[in-house]
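Each chain is listed here by its residues.
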Amino acid sequence: MSQRSCLSVILAAGEGTRMKSAMPKVLHAIAGLPMVAHVVKAAEAAGATGLALVIGHGADEMRKAAQKFAPKAETFVQEKRLGTAHAVLAAREAISKGYDDILVMFGDTPLIDAQALAAARQKLAEGAAVVVIGFRTPNPTGYGRLIERRGKLVAIIEEKDCSEDEKKITFCNAGMMAIAGDQALQLLEKVGNDNAKGEFYLTDIVEIAGAQGLSVVATEASFENALGINNRAELAEAERVWQARRRREAMLAGVTLIAPETVYFSHDTEIGADTIVEPNVWFGPGVRIASAAKIHAFSHIEGATIASNCDVGPFARLRPGADLRNKAKVGNFCEVKQATIEEGAKVNHLTYIGDARVGAAANIGAGTITCNYDGYSKFFTDIGEGAFVGSNSSLVAPVTIGKGGYIASGSVITESVPDDALAFGRARQKTIPGKGKELRERFASAAAAKKKAAE
Ligand code: UD1
Ligand code: CA
């Protein structure tokens, strides 16, 4: 089958009014990726070599977005929304290029999995002309029903056109179809719009192909494959299903999730075996974790690279460009942005490290802040290997702390510190015996005098 060429036609011309959004429906994200991009990924994973995106509502925004998630896709505008068959025909130019297989998919049905598509393509390879992806549900309302006779799919009847008996059928059309490339155009062109909605239904090609003696079959996929998104409640439902799939995949790949339902992955999270993720962790886009890291509870991580055996959190925030090398440690209430924490370095408590390098085995004390921004520009802080930064220090960038440099706590460091030097950047302590008591007495009598005057 792998030699067969395949065009995926993705229908995404719908307005999506029920999203109540200024943004086209299919650009709403699941796991941080537009839902239509999930559809594209599934098509590619099922071997689609060509991509045709049928757009309508918000065409400019769609084209712009498509450049990111499907730069090779051709876009076709369906001017009037006259039904799914009409929408597929908007991509006539692409279809007529002579692909072996055509996969019709919906931009608002993001949980379609590549296996279901590959299974449908397999049926084409075995000689079917039309393959419908079906699913079973106890609650079929709203879906087209699959009418089978003697193991053959003979028709799909839309809910609105169903008789009472047909409404009881629970085998439904997920919407996606695989069509033999050499039959697709002639079948689509024969579709009419004489039905309850007055639309050109893609589903009619089942009967049309049957009447021509072509082989038409249904495959069965899980309900999730058919989950169409029309409003934000359904969007959240799709997110839930996606996250559940991804968590399971991570666990089966050797990642421990103590409370899986509280960990949120991004579409591109990479996470290696023997990593332990505690409850309530959020992964934004662009996170790569090697093996055997510990991500403690309530950490928020995006755009970060975490090497093996690192220890992160609890309550750590790793922002884009955070690069933790082997055995680095970023502890509670620390924020790291655009900074490398080299091997074995420790940033344990209440610290901000931004635009910086923390050298191997350096120790950054609680409350250290790299002052990287003057309100206009960002500056770099370079902390050498084995340096020790005492608690509550401010490192005013640009500044360098040499290897083995030692910063007294409470320092404001504005000048670079050479290797192995000790730097104090604070006023010296002065201790005056008895002065504390004297002050307390003075303040107490002043307060008493004030109270008396007010009586
Ligand atoms: C469709 C199927 C139905 C199936 C259901 C599964 C048809 C006729 N019906 O119904 O059997 O059970 O999906 O969810 O195919 N679109 C366009 N242009 C159009 C019409 C639709 O781009 O002119 C796009 C929509 O944006 C959407 C997709 O095609 O992404 C499906 O269209 P929709 O109207 O939602 O079809 P359903 O009524 O759900
Ligand atoms: Ca729909």
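Residues numbered from 1 in each chain as written. Chains lettered and ligands numbered in written order. Predicted model: local features only at pLDDT ≥ 70, side-chain atom pairs only at ≥ 80, totals over all residues. Heavy atoms only, no water.

### Some points on the nonpolar core
- Grouped together as the largest cluster of nonpolar side chains are 97 residues, with contacts concentrated most on Phe-69, Met-105, Phe-283, Ile-306, Leu-318, Leu-324 and Ile-341.
- Here this core gets 7 residues from one element, more than from any other, and that element is helix H1 (residues 35-45).
- Here this core spans two domains, and each of domain 1 (6-226) and domain 2 (246-423) adds at least three residues to it.
- With 37 residues, the next largest nonpolar core counts Ala-87, Val-88, Val-130 and Ala-184 among its residues. (Core = buried A, V, L, I, M, F, W, Y, C linked by side-chain atoms within 4.5 Å. Buried < 20%, exposed > 50% of the residue type's maximum accessible area, 1.4 Å probe, protein only. Helix = DSSP H or I, 4+ residues; strand = E, 2+ residues; numbered from the N terminus. Domains from an automatic or database assignment.)

### Brief notes about the sheet that holds strand E33 (residues 406-407)
- Spatially, 10 strands are ordered E12-E14-E17-E20-E23-E25-E27-E30-E33-E35 in an open sheet, and the strand pairing comes out parallel. Taken across any chain shown, the strands that pair with only one partner, and hence form the sheet edges, are strand E12 (256-257) and strand E35 (422-423).
- Sheet analysis places strand E30 (residues 388-389) next to E33, joined by 2 bridges and oriented parallel. Within E33, the residue paired with Phe-388 across the bridge is Tyr-406. (Pairing = 2+ DSSP bridges.)

### A word on the pattern of salt bridges
- Going through the model one piece at a time under the given rule, you end up with 19 salt bridges.
- Note that Lys-168 and Asp-165 form a salt bridge whose closest N and O atoms lie 3.5 Å from each other. The residues Lys-168 and Asp-165 share a single accessibility class, namely exposed.
- The salt bridge involving Glu-342 is made with Arg-357; its shortest N-O contact spans 3.0 Å. Separated by 15 residues along the polypeptide, Glu-342 in the loop between strand E24 (335-341) and strand E25 (346-349) and Arg-357 in strand E26 (residues 352-358) bring together distant segments of the chain.
- Of the residues examined, Arg-357 reaches a relative accessible area of 23% and is grouped as partly exposed.
- Through salt bridges with shared partners, one network takes in Arg-4, Asp-101 and Arg-121. (Salt bridge = Lys/Arg side-chain N within 4 Å of Asp/Glu carboxyl O.)

### With respect to the domain arrangement of the protein
- The domain boundaries assigned to the protein delineate domain 1 (6-226) and domain 2 (246-423).
- Relative placement of domain 1 and domain 2: their C-alpha centres are 46 Å apart.

### Side note on the packing of aromatic side chains
- Per the stated rule, a full pass over the model turns up 7 aromatic pairs.
- Measuring from ring centre to ring centre gives 5.0 Å for Phe-315 and Phe-333, while their planes differ by 15°; the resulting arrangement is stacked. Here the residue Phe-315 occupies a position in the loop between strand E20 (311-312) and strand E21 (317-318), and Phe-333 occupies one in the loop between strand E23 (329-332) and E24, the gap between them amounting to 18 residues.
- Among the residues examined, Phe-333 registers a relative accessible area of 48% and is labelled partly exposed.
- Pairwise contacts between aromatic rings join Phe-135, Tyr-143 and Phe-223 into one cluster.
- For the cation-ring pair, Lys-378 lies above Tyr-373, with the distance from its terminal atom to the ring centre recorded as 5.2 Å.
- Over the aromatic face of Phe-424 sits the side chain of Arg-428, whose NZ or CZ is 5.2 Å from the ring centroid. (Phe/Tyr/Trp six-rings, centres within 6.5 Å; stacked < 30°, edge-to-face > 60°. Lys NZ or Arg CZ within 6 Å of the ring centre and 35° of its normal.)

### Some details on the layout of surface pockets
- Of the volumes computed, that of the largest pocket is approximately 1300 Å³.
- Taken together, 39 residues line the largest pocket, and the ones lying closest to its centre are Arg-81, Phe-106, Asp-108, Lys-197 and Asn-230.
- Secondary-structure elements contributing two or more residues to the lining of the largest pocket are strand E1 (6-12), helix H3 (84-89) and strand E10 (171-180).
- Among the elements that take part in the lining of the largest pocket, E10 stands out by supplying 3 residues, more than any other.
- Across the lining of the largest pocket, the residue classes break down as 13 nonpolar, 15 polar and 11 charged.
- The space that makes up the second largest pocket amounts to roughly 400 Å³.
- Residue lining of the second largest pocket: 15 residues in total, with His-38, Lys-41, Trp-242, Arg-245 and Glu-249 positioned closest to the centre.
- Within the residue set of the lining of the second largest pocket, elements represented by two or more residues are H1 and helix H9 (232-252).
- Here the lining of the second largest pocket spans two domains, and each of domain 1 (6-226) and domain 2 (246-423) adds at least three residues to it. (1 Å grid on protein atoms, 1.4 Å probe; cavity = no way out; pocket = protein on both sides within 12 Å on 5 of 7 lines; lining within 4 Å. Points joined across faces, edges and corners; volume = space filled by probe spheres on them. Nonpolar A, V, L, I, M, F, W, Y, C, P; charged D, E, K, R; others polar.)

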